[in-house]
Amino acid sequence: MLSDMDLLVSLCKRRGFIFQSSEIYGGMGSVWDYGPLGVELKNNVKQAWWRTYVYERSDIEGLDAAILMHPSTWVASGHVGSFADTLVDCKDCKKRFRLDRLQAKRCPECGGEVTEPRKFNLMFKVPIGAVEDFRNISYLRPETAQGIFVNFQNIITSMRRKVPFGIAQIGKAFRNEITTGNFIFRCREFEQMEIEYFVEPGTDEEWYKRWVEERFNWYIRLGIGKENLRLREHPKDELAHYAKACTDIEYKFPIGWSELEGIANRTDFDLKQHMNESGKDLAYFDDEKKAKYIPFVIEPSGGVDRTVLAFLVDAYREEPVRGEKRVYLALHKHLAPVKVAILPLLRNRDELVRLAKDIANTLRKRCKIMYDDTASIGRLYRRQDEIGTPYCVTVDVESLSDHKVTVRDRDTMEQKRVPVQELETYLLGQLL
Ligand code: ATP
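Residues numbered from 1 in each chain as written. Predicted model: local features only at pLDDT ≥ 70, side-chain atom pairs only at ≥ 80, totals over all residues. Heavy atoms only, no water.

**Describing helix α8 (residues 269-278)**
Side chains that are three or four residues apart share a direction in an α-helix, a result of its 3.6 residues per turn. Applied cut-off: When a residue's accessible area, from a 1.4 Å probe over protein chains only, is under 20% of the maximum for its type it is buried; when over 50% it is exposed; and in between it is partly exposed. Per the convention used, a helix needs a DSSP run of H or I reaching at least four residues, while a strand needs a run of E reaching at least two, with both numbered from the N terminus. Whether two residues touch is decided by their heavy atoms; if any such pair falls within 4.5 Å, the residues are in contact.
Within the sequence span of α8, burial applies to Phe 269, Asp 270, Leu 271, His 274 and Met 275. For α8, the elements touching its buried residues are α3 (72-76), α5 (145-149), α6 (152-159), β10 (189-199) and β13 (256-267). Looking at the residues trailing α8, positive phi occurs at Gly 279, about 75 degrees.

**Looking at the sheet that holds strand β9 (residues 165-174)**
Strand-to-strand pairing in sheets goes through backbone hydrogen bonds, with the strands running parallel or antiparallel. Rules: Here, any two strands with at least 2 DSSP bridges between them count as paired. Note on method: axes are straight lines fitted to C-alpha atoms, helices fitted across the in-contact stretch only, with angles between N-to-C directions ranging 0 to 180 degrees.
Strand order in the open sheet made by the seven strands is β3-β9-β10-β16-β13-β12-β11, with mixed pairing throughout. Where the open sheet ends on each side, the last strands, each with one partner, are β3 (60-63) and β11 (229-233). Recorded for the sheet is a direction-independent mean angle of 25 degrees between the axes of neighbouring strands. Bridge count for β11 against strand β12 (residues 245-253) is five bridges, and the pairing is antiparallel.

**Remarks on unusual backbone geometry**
Omega for the bond connecting Val 163 with Pro 164 falls within 30 degrees of zero, at 5 degrees, which places this linkage in the cis form. Along the chain, Pro 164 turns up in the loop between α6 and β9.

**Overview of empty space enclosed by the protein**
Operational definition: Think of a 1 Å grid over the protein atoms and nothing else: a 1.4 Å probe that fits but is trapped marks a cavity, an open set flanked by protein within 12 Å on at least five of seven lines marks a pocket, and residues with an atom within 4 Å of a point count as lining. Grid points are joined across faces, edges and corners, and a volume is the space filled by probe spheres set on the points. Classification used: nonpolar for Ala, Val, Leu, Ile, Met, Phe, Trp, Tyr, Cys and Pro, charged for Asp, Glu, Lys and Arg, polar for all others including Gly.
Taken as a whole and judged by the stated rule, the model has one cavity of 30 Å³ or more. Computed from the structure, the largest cavity encloses a volume of approximately 70 Å³. Lining the largest cavity, in full, are Leu 222, Gly 223, Ile 224, Phe 311, Asp 314, Ala 315, Arg 317, Ala 330, Leu 331, His 332 and Leu 335. Among the residues forming the lining of the largest cavity, the class breakdown is seven nonpolar, two polar and two charged.

**Quick notes on the sheet that holds strand β4 (residues 84-89)**
Taking strand neighbours across the sheet as the criterion, the three strands line up as β5-β4-β6 in an open arrangement whose pairing is antiparallel. Edge positions in the sheet fall to β5 (96-98) and β6 (118-121), since each of these pairs with one other strand and no more. Ignoring which end each strand starts from, the neighbouring axes of this sheet average 50 degrees apart. Relative to β6, β4 runs antiparallel, the two sharing four bridges. Along β6, the bridge assignment pairs Ala 84 with Asn 121.

**Re the pattern of salt bridges**
To keep things clear, this is the line we draw: A pair is scored as a salt bridge if a Lys or Arg side-chain nitrogen falls within 4 Å of a carboxyl oxygen belonging to Asp or Glu.
Under the defined criterion, the tally for this structure stands at 41 salt bridges. Residue Arg 118 is joined to Asp 89 by a salt bridge in which the shortest nitrogen-to-oxygen separation is 2.2 Å. Of this pair, Arg 118 sits in strand β6 while Asp 89 is found in strand β4, placing the two residues 29 residues apart along the sequence. On the accessibility criterion, Asp 89 (14% relative accessible area) is buried. In this structure, Lys 162 engages Asp 287 in a salt bridge whose closest nitrogen and oxygen atoms are separated by 3.5 Å. Of this pair, Lys 162 sits in the loop between α6 and β9 while Asp 287 sits in the loop between β14 (284-286) and β15 (291-293), placing them 125 residues apart in sequence. Take Asp 287: its relative accessible area is 41%, and that puts it in the partly exposed class. Within the structure, one salt-bridge network assembled from shared partners comprises Arg 230, Arg 232, Glu 238, Asp 248 and Glu 250.

**What to know about the pairing of strand β18 (residues 324-329)**
In terms of strand pairing, strand β17 (residues 316-321) meets β18 through six bridges, oriented antiparallel. By the bridge assignment for β18, Val 321 is matched with Glu 324. The loop that links β17 with its antiparallel partner β18 comprises two residues; one of these, Arg 322, has a positive phi angle of about 45 degrees.

Structure, rendered in structure tokens:
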């Protein structure tokens, strides 16, 4: 596990995981671009989540709602009225801070005097249509959840669902965050993975407990060290206006224990609010019980970027190997951006290169591979270790006569000769 975030920021940039947005213009604060390896890792995280909840369970449907929504959505959800941080400005250095982050009533950077606190809404306003006019203002969504609530009836009807059931969505969200920094932990543009799980009132507390447990275990199943995760239940005075209960899953980031995901019992607040604002009936009719009610909602809401960061931090390893430092990412095989690297030992032996390329072409149809012949084998291994590739396949002179290649395991560094004929089956078996 990593203790210094700067090491990770530099590895991520050097090895093509994450770049500062618009870097050539001096960068854009708290906005990040995912490079060739970062996009693979992020997609793998999203796929692992989607597979677990939308494919492996029978009680959850997927959704991809639009980022832009009718402005009344945000009035109903409470975001227009209360999605705000209380801020102060430093009168000397002009920097802005969240009131709850100040130790004394002085600027944390220069010690200067600060202004009176003011409310600042975190939503980005977007003018819609050709005429800029206050009636045509909407917002970039600050959470994906509302896209689910407004589609509740559509999904019940089109998919013939009965409560309890859930709707899962992964998508971008935007917040004009004031306390920024800490790499991808807090961004102005980020992605969320959210489930709204609709249950009969009275069963909500039981479902809430189940979801807290399930989400905690999901991270562990994907390799996060149990000692680096903990649950923190919100005291009553910290609960959001819509929540009856909320538990954060916290991860021990290099910046200290911080929220990775929140699981909230949102009661029937959102559906009721949308009923009032839209005038549409969103109540559910239970055929068996012949009863009509507004379901309660349990919401596990996680950030994709924070999850990516936690997996990277947790996977980071340094160890001495023959007097040198070996750095590797012990990422779960399902998450590793590149699954197999094909490394020909000599790049000027035609037959050897041909065999290596044949192997690469066969495997690339099955998983993400990398072909690299641009350095000595020691260097090639180090490069793959640093990006967390679980398997390296080296093709050497002997391969031409014995039709076998060497497969090296990232974590144990053990090497094994495998017949070329059996390589695909062997690797896919290991990667499943
Ligand atoms: P925080 O207290 O850290 O601002 P929050 O409690 O406001 O977070 P929620 O509204 O519960 O966050 O959002 C659910 C999840 O979305 C968070 O647990 C986090 O993983 C992610 N998230 C929220 N804001 C950001 C952000 N600015 N950048 C990256 N991820 C975020």
